[in-house]
Amino acid sequence: MSDRYRIGIDVGGTFTDLACVDAAGALTFLKTPSTPEDQSVGVMTGLSELAERLGLDLPGLLARTARIVHGTTVATNALLERKGARTGLLTTRGHRDILEMREGLKPERYNLLLPPPEPLVPRDLRRAVPERIGHDGAVVTDLEEAALDAEILRLKEAGVEAVAVCYLHSYRNAAHERRTAERLAALMPEAYVSLSSNVLPQIKEYERVSTAVVNAYVGPAVRRYLESLARRLAAIRFEGSLFIILSQGGVAPLAEAARLAAATVLSGPAGGVAGSRRVAALKGAPDLIPFDMGGTSTDVSLLEGGSIALSADRGLAGERIALRSLDIISVGAGGGSIARLDAAGILQVGPQSAGARPGPVCYGQGGQSPTVTDANLILGYLDAEHFLGGRRRLDAEACAAAMDALAARLSTTRDEAAAGIYRLINLKMADGIRLMTLRRGVDPRRFALLSFGGAAGLHAVEVAREMEMERVLVPAMASVLSAWGMLNGDLRYEVARSHLGDLASLDPAALALIFAPLEEEATARLAVWFDGAIRVERVAEMRYGEQIFEIEVSLDGLDLAARDAVKELEARFHRRHEELYTYASPGQEVVLVNARVVAVGAVEPPQLASSPAAPSPAKPGPVAPLRSRRAFFGTWREVPVYAFASLPSGMVLPGPAIIEAETTTVVIGDGDTLTVHAFGWLDIRVRCNA
Amino acid sequence: MAKPLDPITTSVVQHRLSSVVEEMGEAMLRTSYSQILNASRDFSIAICDTRSRLIAQADHIPVHVGALPWAVRAVEAAFTGTIEPGDVILLNDPTTGGSHLPDVTAFVPVFGEGVRRYWTVVRAHMGDIGGATHGAYNPAATEIWQEGLRIPPLKLYEAGRLRTDVLDLIALNVRFPRDFRGDLAAMIGAAHLGERRIERLFREIGAERVEQAVEAVLDGAERQARAVVSGWADGTYRGEALLDDDGRGREDVRIVATVTKRGSDLSVDLSESDPQSASFANSSHANTQAAVAMAFAYLIDPDIPKNDGAFRPLSVTLRKGSVVWADDHLPVTLCTTHPANEIVEAIVKALSAACPERAMAGWSRRFRISVTGDNPRTGKRFIWHMFHARPGGGASPAGDGWSGAGEWHSVGGIKFGSIEVAEARFPLRFDRHEFRAGSGGEGRHRGGLGTAMDLVVEVPAYAHTAGEGARHGAAGLLGGRDGAPHDYRLVSQGSSRPLRTKEFGIEIAAGDRLEVRSGGGGGWGRPEERAPEAQACDLTRELTQGGHAGGQE
């Protein structure tokens with residue numbers, strides 16, 4: 001069959017994006033409003049609209065679809081909005097407060113007026129269980145089942161929906177956690193259960209308990225959503241595979257995402273990173289700042305030399321998640337951010353967002369407060385008649401009335417109020433880029449800004465100007481880059497175990513014995529979802545004896561059967577230590593702490609040659625604008641409006657100009673220059689003042 | 001002449017230097033050997049210039065940072081004209097800019113375009129520094145020589161060449177030479193990492209322009225700090241805080257701060273404080289300067305960079321021979337915690353009248369225990385410093401205090417470290433480590449809770465204590481009550497006795513328990529004004545007992 005489709009679906013706060021590639025590489029994409037109450041409703045609507053575009057009905061489309069890859073924000077939203085499950089925690093007696101103690105650390109060292117945060121599990125739902133495992137894995141105190149049962153029933157009575165279990169040293173001996181899971185299954189069969197020894201079987205109790213708690217907190221919502229989606233798809237006989245993209249950039253099947261729900265908090269942004277990487281490769285532009293501005297939030301990451309770091313140091317909304325994930329910063333502002341006056345009468349934009357419902361005032365769904373999108377409409381950057389390709393008529397009158405009300409309170413004009421909102425949101429976006437670059441000592445000026453996500457095109461050039469970045473790239477599928485990027489995500493299954501011990505005491509056989517079962521487990525798990533060739537990455541996390549932080553040493557190309565395998569691993573550790581920290585201490589004992597294995601099933605990236613925006617190279621001459629309209633660039637100007645898809649490769653265009661596509665609008669300012677590149681992508685040279 | 005700087009370059013330089021110190025700190029944290037450094041982060045990082053001004057610092061331990069410029073001053077004086085690329089300089093002595101002997105400081109000069117311009121500075125609290133007893137805290141000391149090895153500014157590396165004889169001399173004089181060498185390597189590694197990063201910045205932007213940008217950054221911080229101080233009520237204010245005792249029978253040692261605020265200037269006079277102690281409960285000059293800077297940093301806006309510019313509004317008057325500036329021969333090891341904490345508290349109390357909306361109730365006192373013995377699992381001697389059982393933070397106008405977040409000198413900057421890792425490394429078992437109900441000072445906003453810890457020591461061992469706060473709890477403010485004081489006990493073969501805050505050579509038998517109940521933070525505002533919902537919530541969560549905060553367990 002020539003039309004075996006692959007579909008990427010990215011659910012954002014405001015829109016659900018779909019990108020569909022057929023076997024020949026033809027790309028079709030669209031946006032449809034998200035349905036926050038049950039995201040699967042919007043997903044199904046999007047699939048129906050996609051089918052219509054392709055001249056099929058929904059069952060017909062799904063019958064021809066080999067794979068759906070999905071990025072979901074269910075976990076992200078639950079955590080950010082504090083709308084996760086009522087969660088209980090079972091923990092070792094005498095250690096009730098590990099979660100709330102946060103290892104004694106408080107952020108913002110010099111801000112002594114910062115009040116302590118509310119923990120995800122309040123103290124009355126953190127229940128201590130008589131049991132104790134020692135550091136060597138031996139049982140110090142038996143698990144008292146009667147007391148355990150009483151605590152479980154107490155949680156049940158308190159209306160708890162999810163239970164995290166974290167006992168001390170369970171990475172070494174998980175018997176008590178497993179027995180607790182059995183009792184939970186018996187007494188609270190409906191509860192979502194998150195065992196720390198299952199979620200993150202590694203030494204260090206705070207990281208384990210926090211990760212297990214986040215997992216429990218978001219787990220029920222994620223599970224409910226994925227089950228509902230699977231049911232809906234099954235009802236129309238979808239028989240292809242359905243994957244969820246995880247925070248570490250790999251994809252996994254539904255059951256795995258439901259088990260490791262905490263690994264989906266960066267699901268959507270991970271698609272954006274995968275897409276950006278692919279753009280970097282196709283474009284030969286390895287140094288990019290992916291800037292993904294949506295309706296509710298904006299994600300910023302950093303591609304240096306075409307790659308992005310994985311980090312185990314991440315968290316979200318102040319909660320520690322020690323699972324490895326892509327290094328992405330999220331700013332809680334976007335096109336839906338609401339403009340308001342603060343207590344001092346000063347104009348502020350965000351952090352509240354109008355979201356998908358009621359949405360901006362101009363959506364005519366009952367929104368009363370002007371948003372960034374409303375400002376864009378007032379300023380003429382958006383066109384009331386041509387939003388979403390004309391599929392949604394914007395209510396310009398309601399929008400103007402709301403902006404007038406705000407302007408009156410500011411004693412200014414409608415235009416000035418809208419221009420103020422536009423400037424403020426751009427500064428906020430620039431701050432997000434500062435966090436990712438200047439804050440880490442990276443000069444953003446040598447990077448190109450990769451603009452994607454529905455709202456980015458309206459702001460990217462001004463944000464780049466603020467940061468003195470001279471180049472902005474807008475790929476043709478910019479508005480759905482995350483959804484498209486998901487089609488590039490490899491399948492990954494990761495397993496790790498703590499194995500605390502001197503490296504010197506291991507012979508190669510023993511080393512192989514540590515990794516072999518992990519490899520077996522990882523490849524076996526992956527083989528269930530993936531029938532292609534599986535590649536294995538092995539990593540040893542090591543340190544000098546008295547250090548407590550490990551560094552990762554890759555075992556790539558290391559023959560574990562070789563006689564000097566341990567010596568070679570040790571040598572790699574010393575070298576890596578020196579690279580990172582300027583010195584090594586050969587002669588000091590080296591300790592292996594965690595062994596980690598990732599099984600990777602590589603996915604062939606979709607082709608792009610026949611993208612709908614691809615130009616016909618035969619006629620590289622200029623094209624006429626679609627129309628012109630008045631837009632505000634300091635003063636009102638009559639500005640040409642071009643259709644994104646009509647721009648031929650090689651065309652050069654001075655600003656100001658507006659480039660419209662069905663799903664995004666790109667604003668190019670005075671003095672900026674647009675060059676249209678291969679695939680019809682926009683390459684904008686930004687006028688900087690310096 | 002140099003062309004004027006654009007704001008983006010200034011911003012790049014400012015953020016780059018702060019990311020350099022952050023990166024140095026991260027390297028230090030990840031590579032050091034001793035538990036006191038890698039688990040508990042008792043170290044600080046800074047960049048200073050050749051005029052001994054603080055340019056950038058990482059937010060680690062506030063009490064170290066204000067002291068570092070004094071150390072740079074001593075190094076500049078000692079090696080005028082003889083500092084070369086590749087030098088590494090060490091010092092620890094309080095007479096030459098050190099705080100107390102266990103805090104060893106390493107300096108690496110940074111050159112740009114052939115000119116020496118900056119220092120990368122790493123100060124770290126070593127697990128041991130020799131002297132009469134392990135771990136430097138010697139409650140029995142009557143002279144500084146009993147507290148450890150004194151190191152004046154000395155070159156450990158000369159133009160890149162290690163003076164192995166000097167290193168051997170130092171290592172021979174400390175109890176855990178392997179850890180000491182490991183920690184020193186980590187410090188020097190971090191300082192070199194900073195050097196490389198600054199050199200790269202010089203190459204990118206030009207050394208002269210970097211210096212121009214630094215001036216702009218310092219001046220900006222000064223402007224911001226002065227704007228804050230200008231908003232406070234002019235006047236002369238007085239605040240007082242008490243040490244429990246000096247360990248030699250003198251109780252209630254007074255720290256008195258007289259603070260005069262006029263316009264955008266603030267002068268702090270501590271000369272009415274009590275005379276110096278015969279014990280280690282004294283402060284050195286640099287440490288007291290640092291404590292005053294720390295109090296000031298807590299009261300200005302948190303986002304003002306802590307650099308030389310921010311502290312320009314501040315002047316300090318001290319009297320030699322007082323407990324806040326002891327004579328050179330006296331021991332001072334306790335100083336970075338006490339009287340540093342009492343100095344901060346006296347100043348904040350004084351200024352609570354000038355800026356009540358900024359002043360916070362007392363954070364707790366430090367009461368440390370160090371335990372040493374033989375570790376049967378490794379066959380080696382071990383030393384364990386207690387950073388667990390963190391006490392409570394003070395309440396503030398903005399809300400309740402942070403439970404288990406610590407003392408004035410650390411304010412949530414000391415990580416107590418994983419219990420699992422501690423149990424895997426030391427012959428210790430933590431049977432209990434959770435909040436101590438009822439320990440937070442009552443108030444409209446409640447003080448943070450201390451911690452209840454039951455620790456079984458599995459082998460015969462010795463312990464010393466060093467600290468404060470078993471008699472006086474963290475101060476309540478503006479009607480709030482004091483937090484509960486510390487209550488530590490040793491349970492040995494069935495009998496229990498309280499531990500004093502300055503005890504030497506406590507014998508511990510295998511299987512004995514330390515029952516530690518650390519103090520709570522002070523309350524803010526009158527307790528009658530506490531919201532009923534907040535009171536009810538405290539009860540449900542078993543944070544208070546019987547509806548009363550501020551009591552004992």
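Remember, predicted model here, so these are calculated numbers, not experimental data. Residue numbers restart at each chain and count upward from 1, following the sequence in its written direction. Chain labels run from A onward and ligand labels from 1 onward, assigned in the order the entries are written. Predicted model: local features are reported for residues with pLDDT of at least 70 only, side-chain atom pairs are reported and counted for 80 or more only, and whole-chain, interface and lining totals are derived from all residues.

S.K.: Would you mind going over the overall build of chain A with me for this structure?
M.R.: Elements are defined by DSSP. Helices are runs of H or I of four residues or more, strands are runs of E of two residues or more, and each kind is numbered from the N terminus. Of regular secondary structure, chain A possesses 17 helices and 34 strands. A compact globule built from 690 residues would reach a C-alpha radius of gyration of about 26 Å, and chain A, at 26 Å, matches this within 12%. Overall size of chain A, expressed as C-alpha extent along the three principal axes, is 80 × 55 × 55 Å. Partly exposed residues are those falling between the two cut-offs: more than 12 but fewer than 20 other C-beta atoms within 10 Å of their own, whereas 20 or more means buried and 12 or fewer means exposed, with C-beta atoms placed from the backbone. Within chain A, the proportion of its 690 residues that are buried is 54%. C-beta atoms are first placed from the backbone for all residues, and any pair lying within 7 Å is then listed as a contact. At a minimum sequence separation of 6, the contacts of chain A that also span at least 24 residues come to 68%. Only C-alpha atoms enter the radius of gyration; for comparison, a globular chain is expected to reach 2.2 Å times N to the power 0.38, where N is the number of residues.

S.K.: I would appreciate a short explanation of the interface of chain B and chain A in the present structure.
M.R.: A common way to report how large an interface is uses the accessible area buried once the components associate. The partner chain A presents 45 residues to the 63 residues of chain B that form the contact. Listed by contribution, the elements that provide at least two residues to the side of chain B that touches chain A are α1 (7-31), α6 (177-205), α8 (285-299), α10 (419-425) and β14 (428-435) of chain B. Broken down by element, the residue count for the side of chain B that touches chain A peaks at eleven residues, all from α1 of chain B. For the side of chain B that touches chain A, the per-class residue count stands at 26 nonpolar, 20 polar and 17 charged. Any residue that is not Ala, Val, Leu, Ile, Met, Phe, Trp, Tyr, Cys, Pro, Asp, Glu, Lys or Arg is counted as polar, Gly included; the first ten are nonpolar and the last four charged.

S.K.: Please explain the domain arrangement of chain B as it appears in this structure.
M.R.: All names here are of chain B. As annotated, the domain borders come from an automatic or database domain assignment. For chain B, the domain assignment lists domain 1 (7-221) and domain 2 (360-553). Averaged C-alpha coordinates put domain 1 and domain 2 at centres separated by 31 Å. Between domain 1 and domain 2, the contact holds 20 residues from the first and 20 residues from the second. Going through the elements one at a time, α2 (35-38) and α3 (62-65) are the ones with two or more residues in the side of domain 1 that touches domain 2. In terms of residue class, the side of domain 1 that touches domain 2 is built from nine nonpolar, seven polar and four charged.

S.K.: Which parts of the structure should I look at to understand the sheet that holds strand β9 (residues 162-166) of chain A?
M.R.: Remark on secondary structure: sheet strands pair via backbone hydrogen bonds, oriented parallel or antiparallel. Residues and elements named next belong to chain A. Strands pair, by our definition, only if DSSP identifies at least two bridges between them. On the basis of which strands lie adjacent, the open sheet formed by four strands has the order β6-β5-β9-β10 and parallel pairing. The sheet is open, and its two borders are formed by β6 (126-129) and β10 (192-195), each paired with just one other strand. The mean inter-strand angle of the sheet, taken between neighbouring strand axes irrespective of direction, is 20°. Bridge analysis of β9 against β10 gives four bridges, and the strand direction is parallel. Directly across from V165, in β10, lies its bridge partner L195. All axes here are fitted lines through C-alpha atoms, helices being fitted over the stretch that makes contact, and every angle between N-to-C directions spans 0 to 180 degrees. Relative to the sheet, helix α5 (residues 145-157) contacts β5 (87-92), β6 and β9, its axis offset from that of β6 by approximately 170°. Running at roughly 160° to β9, helix α8 (residues 205-235) makes contact with β5, β9 and β10 of the sheet.

S.K.: How should I be thinking about the packing of α8 of chain B against helix α9 (residues 340-351) of chain B in this particular structure?
M.R.: Helix packing for two helices is described by the angle between their axes and how far apart those axes are. Residues and elements named next belong to chain B. Axis separation between α8 and α9 bottoms out at 9 Å; the angle between their running directions is 40°. By the angle between their directions, the pair α8 and α9 is classed as oblique. Remark: the crossing between α8 and α9 carries right-handed chirality. Contacts between α8 and α9 involve N287, T288, A291, V292, M294, A295, Y298 and L299 from the first element and A340, I343, V344, I347, V348 and L351 from the second. Among the residues forming the contact of α8 with α9, the class breakdown is twelve nonpolar, two polar and no charged. Working rule for angles: under 35 degrees goes down as roughly parallel, over 145 as roughly antiparallel, 65 to 115 as roughly perpendicular, anything else as oblique. Two helices crossing with the near one rotated counterclockwise from the far one by less than a right angle form a left-handed crossing, whereas a clockwise rotation gives a right-handed crossing.

S.K.: Help me understand the UniProt feature "domain: Hydantoinase/oxoprolinase N-terminal" (unreviewed entry) in chain A in this model?
M.R.: UniProt positions are given in the numbering used here, feature names are shortened, and annotations may be inferred rather than shown by experiment. This chain's UniProt record puts "domain: Hydantoinase/oxoprolinase N-terminal" (unreviewed entry) on residues 6-184 of chain A. Secondary structure across residues 6-184 of chain A divides into 31% helix and 26% strand, with the first and last C-alpha atoms of the span separated by 40 Å.

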